[in-house]
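Architecture and fold: a report
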Amino acid sequence: MTKLAVFVSGTGTILEAMIHSGLEISLVLADRPCRGFEIAKAAGIATELVERKTYGPDFDRAAYTREVMAALEPHDIGLIAMAGFMTILSPAIFDRYEGKILNTHPSLLPAFKGENAVEQALAAGVKTTGFTIHVATSELDAGPILAQASVPVEPGDTVDTLQERIKQSERRVYPETIKKLMSKASPV
Ligand code: GRF
């Protein structure tokens, strides 16, 4: 059985949905103390906190990525699902787990890549946005698309209301997509 790790940085509501969906999660890794990390602990899931010491220009991405890989190694992980993980990792991890790292991004890629995708969609005045579940590669918010769903932008939407509407759908589709993959995936 492929062992799944979920990477979080924030509220972890998608992680929560994964847990409720019955997905077996072997490890939750966080880059900072956060609600997602607490949810994992409360659910009795193994956790690794690989805390980022800095968010400034002195951040050593390659060294941090090595720390993440070292934390993963003892857990024999075969699939990684990023769920609101906010640190961009170096290519080394995408080589080690080639094709085995997934991400969900709150836009219909290739539109609105990057950190503030929901804000970008609102600013562009689009009537429909959504999210994309894709295989993550060393190129940010790129890589083969596994699933996409559209979500309407409603009059008067704020970043918060639109983000929440997107997440409601992500919470259904991301666990389903992972379940399908786990029934096929072999360990790396
Ligand atoms: C999701 O919208 C995901 O697309 C984005 O971060 C959000 C995570 O939400 N990358 P949560 O922390 O699971 O509530």
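Summarised in this report is the structure supplied together with it.

**A short note on the pairing of strand E2 (residues 27-30)**
Of the two faces of E2, the one carrying Leu-27 and Leu-29 and the one carrying Val-28 and Ala-30 are both buried. Pairing analysis gives four bridges linking strand E1 (residues 4-8) to E2, with the strands arranged parallel. Looking at the pairing, Ala-5 lines up with Leu-27 of E2. Regarding topology, helix H1 (residues 13-20) serves as the crossover connection from E1 to the parallel E2, and that connection is right-handed. In the sheet, E2 pairs with strand E3 (residues 47-49) via three bridges, with the strands oriented parallel. Opposite Ala-30, over in E3, you have Leu-49 as the bridge partner. In this region the chain leaves E2, passes through helix H2 (residues 35-42) and returns to the parallel neighbour E3; the handedness of that crossover is right-handed.

**What to know about H2**
Within H2, burial applies to Gly-36, Phe-37, Ile-39 and Ala-40. Seen end-on, H2 carries its buried residues on one side only, within an arc spanning 160°. Close packing links the buried residues of H2 with E1, H1, E2 and E3. Once H2 finishes, Gly-44 follows within two positions and takes phi at roughly 75°, a positive value.

**Considerations on the nonpolar core**
With 33 residues, the main nonpolar core has Leu-4, Val-6, Met-18, Ile-25, Tyr-174 and Ile-178 as its most contacted residues. Broken down by secondary-structure element, the contributors of at least two residues to this core are E1, H1, E2, H2, strand E4 (79-82), strand E6 (128-135), strand E7 (145-152) and helix H6 (159-182). The element contributing the most residues to this core is H6, with six residues. In this view, Ile-178 contacts Leu-4, Met-18, Leu-23, Leu-79, Ala-81 and Leu-102; residues no more than four positions away in its chain are not counted. By size, the runner-up hydrophobic cluster in this structure holds 21 residues, among which are Phe-7, Leu-29, Val-50 and Met-69.

**What to know about the site of the ligand**
Lining the immediate surroundings of the ligand are Thr-11, Gly-12, Thr-13, Ile-14, Gly-84, Thr-104, His-105, Pro-106, Gln-163, Lys-167 and Glu-170. Between the ligand and Ile-14 there is a distance of 2.8 Å, counted from an oxygen atom to a backbone nitrogen or oxygen. Contact between the ligand and Glu-170: an oxygen atom at 2.5 Å from a side-chain N or O atom of the residue. Protein contact buries 89% of the 370 Å² of open area that the ligand shows by itself. Elements with a contribution of two residues or more to the shell around the ligand: H1, strand E5 (101-105) and H6. Considering every element that reaches the shell around the ligand, the biggest residue donor is H6, with three residues. Among the residues making up the shell around the ligand, the classes are represented as two nonpolar, seven polar and two charged.

Cut-offs used in this document
Residues numbered from 1 in each chain as written. Predicted model: local features only at pLDDT ≥ 70, side-chain atom pairs only at ≥ 80, totals over all residues. Heavy atoms only, no water. Buried < 20%, exposed > 50% of the residue type's maximum accessible area, 1.4 Å probe, protein only. Helix = DSSP H or I, 4+ residues; strand = E, 2+ residues; numbered from the N terminus. Pairing = 2+ DSSP bridges. Right-handed = clockwise from strand over helix to strand, strands pointing away. Arc of directions from axis to C-beta. Contact = heavy atoms within 4.5 Å. Core = buried A, V, L, I, M, F, W, Y, C linked by side-chain atoms within 4.5 Å. Near = heavy atom within 4 Å. Polar contact = N/O pair within 3.5 Å; in protein donor to acceptor, adjacent residues only side chain to side chain. Areas by Shrake-Rupley, 256 points an atom, 1.4 Å probe, with all protein chains shown as cover. Nonpolar A, V, L, I, M, F, W, Y, C, P; charged D, E, K, R; others polar.

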